[in-house]
Amino acid sequence: MAQGEVDTKKCGSDLISSLATGLKPRYHFAALEKTYYERLPYRNHIILQENAQHATRFIALANVGNPEKKKYLYAFSIVPMKLMDVAELVKQPPDVTENPYRKFVKQASIGKQIPAPEEDSACQFFFDLNEKQGRKRSSTGRDSKSSPHPKQPRKLPQPPGPCWFCLASPEVEKHLVVSIGTHCYLALAKGGLSDDHVLILPIGHYQSVVELSAEVVEEVEQYKATLRRFFKSQGKRCILFERNYKSHHLQLQVIPVPLSRCATDDIKDAFITQAQEQQIELLEIPEHSDIKQIAQPGAAYFYVELDTGEKLFHRIKKNFPLQFGREVLASEAILNIPDKSDWRQCQISKEEEETLARHFRKDFEPFDFTLDD
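Residues numbered from 1 in each chain as written. Predicted model: local features only at pLDDT ≥ 70, side-chain atom pairs only at ≥ 80, totals over all residues. Heavy atoms only, no water.

Per an unreviewed UniProt entry, the protein chain goes by CWF19-like protein 1 and derives from Tursiops truncatus. Per UniProt, the comment on the protein chain under Sequence similarities (unreviewed entry) is "Belongs to the CWF19 family." (UniProt positions renumbered as here; feature names shortened; annotations may be inferred.)

Quick look at the structure:
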């Protein structure tokens with residue numbers, strides 16, 4: 001919008017601003033100023049403090065047949081919320097901004113004694129994030145099963161900026177990659193706790209397990225099962241953990257522990273004990289539960305999966321020690337390598353990394369399902 005066309009300090013409505021904050025529309029159209037304007041989409045939640053919500057797009061349209069020929073029509077296709085996957089619904093656009101009303105409405109509610117809108121209740125008025133989703137529809141709004149057109153390949157989610165773990169990114173240290181599937185890949189951990197400490201990573205840009213699409217989850221589970229068989233053949237059990245906190249791309253850590261070092265119960269006790277010492281509420285969750293049933297997309301959490309299928313979960317509310325998972329496994333009770341609790345203290349040369357990756361690929365090859373014909 002050209003400068004001087006609309007004085008934003010004089011136009012607008014306190015009531016509509018409050019209403020938009022409470023209702024969280026996916027699209028907000030306005031026409032009173034008789035000009036066309038489309039701002040960047042804005043988010044409806046506070047990152048790491050509130051459950052992720054869908055973004056809102058604000059579009060102002062000019063009056064019909066205006067002499068300046070400003071845009072007065074807006075064509076778009078929208079799929080009803082109840083027919084969308086939760087992860088797809090709350091996925092944030094790369095250019096998303098903070099909510100422009102949040103600070104304004106808070107000040108207005110204090111100055112005018114107007115109660116601020118209840119965000120959670122407004123959300124639940126329209127749909128329940130925990131409700132079982134209906135069939136997903138295509139972007140045209142037609143039911144995917146009745147569409148006469150063949151299904152197009154899903155476009156990989158892209159990062160808003162440089163990413164060290166998106167496989168197509170130039171920042172990826174590709175010499176650490178040891179296996180590549182259709183949706184995921186396997187790479188040696190940089191500064192790993194051991195020479196066979198690996199990461200399961202999605203090829204596309206996903207922040208956490210909770211946000212993964214069904215086909216990516218399926219391949220993650222396939223990698224997990226394969227790695228368990230591989231490490232078992234070497235006399236080891238593998239422990240998996242994920243920290244969805246101050247990270248931008250999902251990194252599912254897989255650390256092998258020799259069977260001779262300790263029992264699974266010892267590992268479980270070590271996690272629980274160190275969590276208690278640091279006032280971290282680490283809860284055991286049902287073995288066959290899906291983490292998507294426990295954590296909403298965008299919520300911060302720490303998650304451990306033992307070789308027995310037992311799972312431990314912590315919902316991060318404020319601060320969380322970034323190296324907690326490594327610290328527990330590096331402790332004297334488990335691997336007894338406390339000096340390796342910080343990956344930055346374990347870095348080796350690129351040549352050494354290439355050698356370790358080559359050895360892992362060779363050992364893992366008989367188990368690697370991505371090499372099957």
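Colleague: Lay out the packing of helix 5 (residues 214-232) against helix 8 (residues 350-364) in plain terms, naming residues and giving numbers.
Modeller: Put simply, helix 5 and helix 8 touch, their axes get as near as 11 Å, and they point 95 degrees apart. Between helix 5 and helix 8, the interaxial angle falls into the category roughly perpendicular. Counted together, Thr226, Leu227, Phe230 and Phe231 of helix 5 and Phe360, Asp363 and Phe364 of helix 8 form the full contact between these two elements. When the residues that make up the contact of helix 5 with helix 8 are grouped by side-chain class, the tally is 5 nonpolar, 1 polar and 1 charged. (Axes fitted to C-alpha atoms, helices over the stretch in contact; angles between N-to-C directions. Helix = DSSP H or I, 4+ residues; strand = E, 2+ residues; numbered from the N terminus. Parallel < 35°, antiparallel > 145°, perpendicular 65-115°, else oblique. Contact = heavy atoms within 4.5 Å. Nonpolar A, V, L, I, M, F, W, Y, C, P; charged D, E, K, R; others polar.)

Colleague: Explain the pairing of strand 7 (residues 236-244) residue by residue, including any values.
Modeller: Of all 9 residues making up strand 7, 7 are buried, and the element is well covered by its neighbours. Relative to strand 10 (residues 301-305), strand 7 runs antiparallel, the two sharing 5 bridges. Across the sheet, residue Phe241 finds its bridge partner in strand 10, namely Val304. (Buried < 20%, exposed > 50% of the residue type's maximum accessible area, 1.4 Å probe, protein only. Pairing = 2+ DSSP bridges.)

Colleague: Just give me the short version of the pattern of salt bridges, but keep the residues and values in it.
Modeller: In this structure the tally under the stated criterion is 10 salt bridges. Between Lys236 and Asp196 there is a salt bridge, with the nearest N and O atoms lying 2.6 Å from each other. Residue Lys236 is located in strand 7, and its partner Asp196 is located in the loop between strand 5 (184-188) and strand 6 (198-202); the two are separated by 40 residues in the primary sequence. For Asp196, a relative accessible area of 10% corresponds to the buried category. Residue Glu310 is joined to Lys268 by a salt bridge in which the shortest nitrogen-to-oxygen separation is 2.9 Å. Placement of the pair is Glu310 in the loop between strand 10 and strand 11 (311-315) and Lys268 in helix 6 (residues 264-277), with a sequence separation of 42 residues. (Salt bridge = Lys/Arg side-chain N within 4 Å of Asp/Glu carboxyl O.)

Colleague: Tell me about the sheet that holds strand 3 (residues 57-60), residues and numbers included.
Modeller: Here 3 strands make up an open sheet; going across it, the order is 1-3-2 and the pairing mixed. The sheet terminates laterally at strand 1 (27-30) and strand 2 (37-38), the two strands that pair on one side only. Bridging between strand 2 and strand 3 involves 2 bridges; their strand directions are antiparallel. Note on strand 3: the bridge partner recorded for Tyr37 is Ala60.

Colleague: Quick one: what's the story with the packing of aromatic side chains, residue by residue and with numbers?
Modeller: Inspection of every chain in the model, using the stated rule, returns 16 aromatic pairs. Consider the rings of Phe230 and Phe231, whose centres lie 5.1 Å apart with planes at 50 degrees: the pair is tilted. On the basis of relative accessibility, which here comes to 2%, the residue Phe230 falls in the buried class. Taken together, Phe241, Tyr245, Phe271, Phe302, Phe320 and Phe324 form an aromatic cluster joined through their ring pairs. (Phe/Tyr/Trp six-rings, centres within 6.5 Å; stacked < 30°, edge-to-face > 60°.)

Colleague: Please give an account of the pairing of strand 8 (residues 252-258) that cites residues and values.
Modeller: The element strand 8 is largely enclosed, with a buried count of 6 among its 7 residues. Strand direction decides the pairing type here: strand 6 and strand 8, joined by 3 bridges, are antiparallel. Bridge pairing links Leu199 to Gln253 in strand 8. Bridge count for strand 7 against strand 8 is 6 bridges, and the pairing is antiparallel. By the bridge assignment, Phe241 is partnered in strand 8 with Gln253.

Colleague: Can you lay out the side chain of His28 for me, pointing to particular residues and giving the numbers?
Modeller: One can find His28 in strand 1. The class of His28 is buried, set by a relative accessible area of 13%. The residues touching His28, leaving out its near neighbours within four places in the chain, are Ile16, Ala20, Thr56, Arg57, Phe58, Ile59 and Tyr101.

Colleague: Account for a nonpolar patch on the surface, with residues named and values stated.
Modeller: A surface patch of nonpolar side chains, amounting to about 240 Å² of accessible area, comprises Ile16, Leu19 and Leu23. Its place among the elements puts Ile16 in helix 1 (residues 14-23). (Patch = residues over 30% accessible without salt bridge, like charges linked within 9 Å, V, L, I, M, F, W, Y side chains within 5 Å. Areas by Shrake-Rupley, 256 points an atom, 1.4 Å probe, with all protein chains shown as cover.)

Colleague: Go over the sheet that holds strand 5, please, and point to the residues and values.
Modeller: Picture the strands of a sheet paired through backbone hydrogen bonds; they go either parallel or antiparallel. With respect to topology, 8 strands assemble into an open sheet ordered 4-5-6-8-7-10-11-9, the strand pairing being antiparallel. The two strands at the open ends of the sheet, each matched to only one other strand, are strand 4 (177-180) and strand 9 (283-285). Averaged over neighbouring strand pairs, the angle between their axes works out to 25 degrees when direction is ignored. On top of the sheet, helix 6 reaches strand 7, strand 8, strand 9, strand 10 and strand 11; it is set at about 25 degrees to strand 7, its chief contact. Sitting on the sheet, helix 8 is in contact with strand 4, strand 5 and strand 6, with an inclination near 125 degrees to strand 5.

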